[in-house]
Amino acid sequence: MSEADGLRQRRPLRPQVVTDDGQAPEAKDGSTFSGRVFRVTFLMLAVSLTVPLLGAMVLLESPIDPQPLSFKEPPFLLGVLNPNTKLQQAKRLYENQLIGPESIAHIGDAMFTGTADGRVVKLENGEVETIARFGAGPCSEVKMLLSSETPIEGKKISFVNDLTITRDGRKIYFTDSSSKWQRRDYLLLIMEGTDDGRLLEYDTVTKEVKVLMDQLRFPNGVQLSPAEDFVLVAETTMARIRRFYVSGLMKGGADMFVENLPGFPDNIRPSSSGGYWVGMATIRSNPGCSMLDFLSERPWIKKIIFKLFSQETVMKFVPRYSLILELSNSGAFQRSLHDPNGLVASYVSEAHEHDGHLYLGSFRSPFLCRLSLESV
């Protein structure tokens, strides 16, 4: 082979050419060297993240086993339900002195609430006094009426939630939200859609306990009617309120008080108009997208979410939209009070009316709120 042939077979060195603007020229396919490096790096990063993610999705067990649930289209937020900012007129009370004061009661001018850290506190003249304590360790000033270790019709009580008492003090109606999940697992209970909740009746004289309703999906708030002829039960997961008759011609019967609510109901309390206040910490937007409605028919997505994320992490993606709904004595929507961004009243669980004000409980916030009904 001649010297000339050898020179022709060698690849000539390509000089680095820099344009006037200091940039490397594009290749024939329109890419630059730095662009190709970026794409390769991005692809490697995507693969490094995707492979462990897919492995976790396949190998990890989900803590929930949800079944598909079907909902009607949520009611449009129009008319009585039209969004407003009326809850933002509320004033925060005892801020950073309470932990999740979910439910409220008044005796005279003194206010009482239970908190997420297992206390029952008295709130008066700006002071917080602990009058009872539950949970780990010794309980103080507590009389046990019913042990959670005692099976009721074959099931132990695991998640006692709300109660309502007859005026003579003899009957206590209360909800056991689940025999599987406990309070700290409330989000797992909602997302799984477990139907093992019950409404129970306790007779303080005979000490007898009866199951009035079962197979409920997260029975939550409970409230006797003014005539004490029926009990309302919020079935949170299903966005509806059931009614059970405890006296009168329909005693022992049950029906639907209101369904397809614009949010997921928590506690129910009487209003001075003869109806009921219902607290909702999460709404079903329409127009808009209700994430819980979307996920209800896609249980496989729910499984994946809780394989990868904790309840606390998932709660960060739940909109902080608070809604209070006033129902008539027949279940019709009368008025609604909103805090669309949870700026003042966040995660509202109860609206308790007293002396011209609504006191707002919350299962997460470190405060109570007070709203003047005259102002709204």
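What counts as what
- Residues numbered from 1 in each chain as written.
- Predicted model: local features only at pLDDT ≥ 70, side-chain atom pairs only at ≥ 80, totals over all residues.
- Heavy atoms only, no water.
- Helix = DSSP H or I, 4+ residues; strand = E, 2+ residues; numbered from the N terminus.
- Buried < 20%, exposed > 50% of the residue type's maximum accessible area, 1.4 Å probe, protein only.
- Contact = heavy atoms within 4.5 Å.
- Pairing = 2+ DSSP bridges.
- 1 Å grid on protein atoms, 1.4 Å probe; cavity = no way out; pocket = protein on both sides within 12 Å on 5 of 7 lines; lining within 4 Å.
- Points joined across faces, edges and corners; volume = space filled by probe spheres on them.
- Nonpolar A, V, L, I, M, F, W, Y, C, P; charged D, E, K, R; others polar.
- Axes fitted to C-alpha atoms, helices over the stretch in contact; angles between N-to-C directions.
- Phe/Tyr/Trp six-rings, centres within 6.5 Å; stacked < 30°, edge-to-face > 60°.
- Lys NZ or Arg CZ within 6 Å of the ring centre and 35° of its normal.

1. So, the overall build of the chain
Tallying secondary structure elements over the chain gives six helices and 20 strands in all. Within the span of the chain, comprising 376 residues, buried residues form 45% of the whole. Contacts in the chain between residues at least 24 apart in sequence constitute 54% of all its contacts with a sequence separation of at least 6.

2. Some details on the pairing of strand E9 (residues 209-216)
As paired strands, strand E8 (residues 197-203) and E9 are joined by five bridges and run antiparallel to one another. Note on E9: the bridge partner recorded for Gly197 is Leu216.

3. A word on empty space enclosed by the protein
Taken as a whole and assessed by the stated rule, the structure comprises two cavities of 30 Å³ or more. Here the largest cavity is characterised by a volume of approximately 70 Å³. What lines the largest cavity is Leu69, Phe71, Ile190, Met191, Thr237, Phe264, Leu292, Ser296 and Lys302. Tallied by class, residues from the lining of the largest cavity come to six nonpolar, two polar and one charged. Approximately 40 Å³ is the volume attributed to the second largest cavity. Residue lining of the second largest cavity: Ala345, Ser346, Val348, Leu360, Gly361, Ser362, Ser365, Phe367, Leu368 and Cys369, and that is the complete set. Looking at the lining of the second largest cavity, the elements that each hand over two or more residues are strand E19 (357-362) and strand E20 (368-372). Per-element tally for the lining of the second largest cavity: the top contributor is E19, with three residues. Grouping the constituent residues of the lining of the second largest cavity by class yields six nonpolar, four polar and no charged.

4. Remarks on the sheet that holds strand E12 (residues 240-245)
The strand order across the open sheet built from four strands is E10-E11-E12-E13, with neighbouring strands paired in antiparallel fashion. The outermost strands of the open sheet, each flanked by one partner alone, are strand E10 (219-224) and strand E13 (254-258). Pairs of neighbouring strands in the sheet enclose a mean axial angle of 30 degrees, with direction left out of account. Across six bridges, the pairing between strand E11 (residues 230-235) and E12 is antiparallel. Bridge pairing links Glu235 to Arg240 in E12.

5. Focus on the packing of aromatic side chains
Inspection of every chain in the model, using the stated rule, returns six aromatic pairs. Here Phe257 and Tyr276 contribute two aromatic rings whose centre-to-centre distance is 5.9 Å and whose plane-to-plane angle is 90 degrees, an arrangement assigned as edge-to-face. With Phe257 in strand E13 and Tyr276 in strand E15 (residues 276-283), the pair connects residues that are 19 residues apart, well separated along the chain. The pair Phe257 / Tyr276 is uniform in exposure class, with both members buried. Aromatic pair Tyr347 and Phe363: ring centres 5.8 Å apart, planes at 65 degrees, arrangement edge-to-face. Residue Tyr347 is located in the loop between strand E17 (333-339) and strand E18 (348-354), and its partner Phe363 is located in the loop between E19 and E20; the two are separated by 16 residues in the primary sequence. Each member of the pair, Tyr347 as well as Phe363, carries the same accessibility label: buried. Aromatic rings pair up to connect Phe230, Tyr245, Phe257 and Tyr276 into one cluster. Just above the ring of Phe230 sits the side chain of Arg243; from NZ or CZ to the centre is 5.3 Å.

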